[in-house]
Amino acid sequence: PDSLKVHSGMVEPSLVNAVPGIAVQFERTGYFSADYTSQADKLVFNRVVTLRDSWAKLEKQAFQKANS
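Each residue is numbered by its place in its chain's sequence as written, counting from 1. Owing to the predicted nature of the model, reporting of local features is limited to residues with pLDDT of at least 70; listing and counting of side-chain atom pairs is limited to 80 or more, with chain, interface and lining totals taken over all residues. Neither water nor hydrogens contribute to the side-chain values; these are computed over all heavy atoms in the structure.

Examining the overall build of the chain
- Only DSSP runs of H or I covering at least 4 residues are called helices, and only runs of E covering at least 2 are called strands; the numbering of each starts at the N terminus. Secondary structure assignment for the chain yields 1 helix and 3 strands.
- Reading the chain from its N end, one meets helices and strands in the order β-β-β-α.
- Only C-alpha atoms enter the radius of gyration, while the globule expectation follows 2.2 Å times N to the 0.38, with N the number of residues. Against the compact-globule benchmark of 11 Å for 68 residues, the chain has a radius of gyration of 16 Å, which places it well outside the compact range.
- Out of the 68 residues belonging to the chain, those deemed buried represent 10%.
- When checking whether two residues touch, look at their non-hydrogen atoms; a contact exists if any pair is within 4.5 Å. Within the chain, contacts between residues separated by at least 24 positions form 13% of all contacts whose residues are at least 6 apart in sequence.
- The accessible surface values rely on the Shrake-Rupley method and a 1.4 Å probe; as for residues, cover is taken only from the protein chains in view. Looking at the chain as shown, the accessible area adds up to about 6400 Å², and 54% of this sits on carbon and sulfur atoms.
- The centroid of the 8 positive side-chain charges in the chain is displaced by 11 Å from the centroid of its 7 negative side-chain charges. A 1.4 Å probe rolled over the protein chains alone gives each residue an accessible area, and that area as a share of the maximum for its type sets the label: buried under 20%, exposed over 50%, partly exposed in between. Neither His nor the chain termini are counted; the positive set is Lys and Arg, and the negative set is Asp and Glu. Lys charges are placed at NZ, Arg charges at CZ, Asp charges at CG and Glu charges at CD.

Let's talk about the environment of serine 14
- With respect to the secondary-structure elements, serine 14 resides in the segment before strand E1 (23–26).
- The class of serine 14 is exposed, set by a relative accessible area of 51%.
- In this structure the C-alpha to C-alpha distance between serine 14 and aspartate 35, which are 21 residues apart in sequence, comes to 16 Å.

Function cannot be read off these values alone, since they describe shape.
Shown next, in the form of structure tokens:
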């Protein structure tokens, strides 16, 4: 159900020249690759790998422990 999430915003100007297949890291989000449909005036990136969020996991465990 969450296979498509669209985020709009600003990126580094150098990403206008991003080549499909080359991964770039978006800070604290994950690694993304330019889509083949990406154009200079409408950039499209696909997430390749998420970053681990160990803090959220620890917070969830602490919440469960406190409420059991």
